[in-house]
Amino acid sequence: MPSVKLKHHSPPPDTITSSSDSVRLLSRETLRISASLASPPDDDLPLLSPPSPDSQFLHSTLRLICCEEIDGRRFKYVAETDGSSGGFKKNSVRSISLQSPQTPFDVCQEVGSFLRSYVVPEGFPGSVNESYVPYMTWRALKHFFGGAMGVFTTQTLLNSVGASRNSSASAAVAINWILKDGAGRVGKMLFARQGKKFDYDLKQLRFAGDLLMELGAGVELATAAVPHLFLPLACAANVVKNVAAVTSTSTRTPIYKAFAKGENIGDVTAKGECVGNIADLMGTGFSILISKRNPSLVTTFGLLSCGYLMSSYQEVRSVVLHTLNRARFTVAVESFLKTGRVPSLQEGNIQEKIFTFPWVDDRPVMLGARFKDAFQDPSTYLAVKPFFDKERYMVTYSPAKGKVYALLKHQANSDDILKAAFHAHVLLHFMNQSKDGIPKLVEQSDPAFAPMEYELESRIAESCEMVSTSYGIFKSRAAEQGWRMSESLLNPGRARLCHVNEGE
């Protein structure tokens, strides 16, 4: 650019050279600083694309806390600093997505993943052998032809009971019946997405399925009171009953597998189904006998439903499983912390809670939780983080929610997940002891009482010490009792902390 002379006499040549070098150096430094400010604090983290509305504040009042990945999507958590104190403002944690805007191809991929969650097992194709695909292909074709054949057989059955082939009423009844069955199949398909819940919460799902079965039966009986609503009520009842049928079918094999001691699971299954059919026939005959006396429909249904549900509850309680799911793991750890011993298989299964629903997240320990659920105050995270620098997980407690959160790091393996679950229960045990010491008057006036906050670090330190000395003992004693532990049965969340040691 043209120079502007500020003085009448020229400076010496060496001064000109020095000034030129200074300008070039200043230009290089300006470009370097600009590039540095345009990039995130962590060199390993990708750039924000597109720029977030918060990105303009990233280097003024916001500070990077950590990075999280869930299902291939990455998030960066930042918190707002307090200029006066030099710390962080409370409840200032916010997340920034590191994903670029979705393209039509990405949307198609998400739709494909959503559909695959209904038709293939989790972890496919690595979770099944190579014969799964041809088997399911031919099975789908078989059911296609069977479904098409069912339309004609339904019409034939209705004609056989006296309906005219050309009657419009017969066609309407046939269509209603087919729609009812079709609605049931849709319900069965949708509930099949529960996937691995049938493996690790099979007792709870089995009992919940029996509750749904009785609910569906009650809706079917309601059609007698409002016959003009037959189709919607029959469809709703069939959806509910087919969901119950999926639950019963999916949990049947693991239960029979627990009974078989050798390669006789087929024989055990066949005999179990035979016993069920015999009892079903006897119940049918009993109902025919009592129906001749025209008993009260409501009273009869109520009594039979009570007997059905009581039998179902005792049925699932009698099953002794060798695996530690969330419910039985909780029983085992609590017994170990209180008495120093792990319960036997029989004791652990009897103490397992059946009246819980796996899809309700009201449990006190959240394994594999999201960062935003576990931490609202960035100072709490920074205070807890040093305790777990050598671990592949971290645990914390939320006084406001009354829950312990176990966050898993990206490198966490099976044993790390089991250890995180054990540590979370240990911390919950300590926090409950602290809560029991708070006077009732104070606890009622403020559920999130301050001692929970200032005791958190000391309680975490105590829990770390206890876990380091007792986790191996717990595992060995659980194995002595015959328990088999697997992290997949604990149903950990899919969120993982990444670059957790570089966030500062």
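Residues numbered from 1 in each chain as written. Predicted model: local features only at pLDDT ≥ 70, side-chain atom pairs only at ≥ 80, totals over all residues. Heavy atoms only, no water.

Engineer: Got a minute to help me understand helix α7 (residues 230–259) in this structure?
Structural biologist: Residues that lie three or four places apart on an α-helix share one face, since the helix turns once every 3.6 residues. Between its terminal C-alpha atoms α7 stretches 42 Å, which fits the 44 Å expected from 30 residues at 1.5 Å a residue. R252 marks the point of greatest bend in α7, at about 30 degrees, and the proline P254 comes within the next four residues. (Helix = DSSP H or I, 4+ residues; strand = E, 2+ residues; numbered from the N terminus. Expected span 1.5 Å × (residues − 1). Bend = angle between axes of the 7 residues up to and from the residue.)

Engineer: Sorry if this is basic, but what is going on with the packing of aromatic side chains here?
Structural biologist: Note on aromatic pairs: each is described by the distance of the centres and the angle between the planes. Scanning the entire structure with this criterion turns up 14 aromatic pairs. For the pair Y77 and F371, a centre-to-centre distance of 4.7 Å together with 45 degrees between the ring planes defines the contact as tilted. Separated by 294 residues along the polypeptide, Y77 in strand β2 (residues 73–80) and F371 in helix α12 (residues 371–374) bring together distant segments of the chain. The pair formed by Y77 and F371 is uniform in burial state, with each residue classed as buried. The structure contains a cluster of three or more aromatic residues connected by ring pairs, namely F329, F336, F422, Y471 and F474. Sitting over the face of the ring of F75, R370 holds its NZ or CZ atom 5.1 Å from the ring centroid. (Phe/Tyr/Trp six-rings, centres within 6.5 Å; stacked < 30°, edge-to-face > 60°. Buried < 20%, exposed > 50% of the residue type's maximum accessible area, 1.4 Å probe, protein only. Lys NZ or Arg CZ within 6 Å of the ring centre and 35° of its normal.)

Engineer: Even after reading the chapter, I still don't get unusual backbone geometry, so can you show me in this structure?
Structural biologist: The phi angle of most residues is negative, glycine excepted, and most peptide bonds adopt the trans form. Phi is positive for N294, close to 50 degrees, though the residue is something other than glycine. In this structure, N294 sits in the loop between α8 (265–291) and α9 (297–317). Positive phi is not limited to glycine here, since N491 has a value of about 55 degrees. One can find N491 in the loop between α17 (456–480) and β7 (496–498).

Engineer: Can you walk me through the environment of A461 in this structure?
Structural biologist: Residue position: A461 is located in helix α17. Note: C-alpha distance between A461 and F387 (74 residues apart in sequence) is 7.2 Å.

Engineer: Looking at this model, I keep getting lost on the layout of surface pockets. Mind explaining?
Structural biologist: Gaps left between atoms are located by rolling a probe of water-molecule size over the structure's atoms. Roughly 1,600 Å³ of internal volume is contained in the second largest pocket. Contributing to the lining of the second largest pocket are 44 residues, with E214, G276, A279, D280 and Y308 lying nearest its centre. Within the residue set of the lining of the second largest pocket, elements represented by two or more residues are α6 (202–222), α7, α8 and α9. Counting residues per element, the lining of the second largest pocket draws most heavily on α8, which supplies 13 residues. (1 Å grid on protein atoms, 1.4 Å probe; cavity = no way out; pocket = protein on both sides within 12 Å on 5 of 7 lines; lining within 4 Å. Points joined across faces, edges and corners; volume = space filled by probe spheres on them.)

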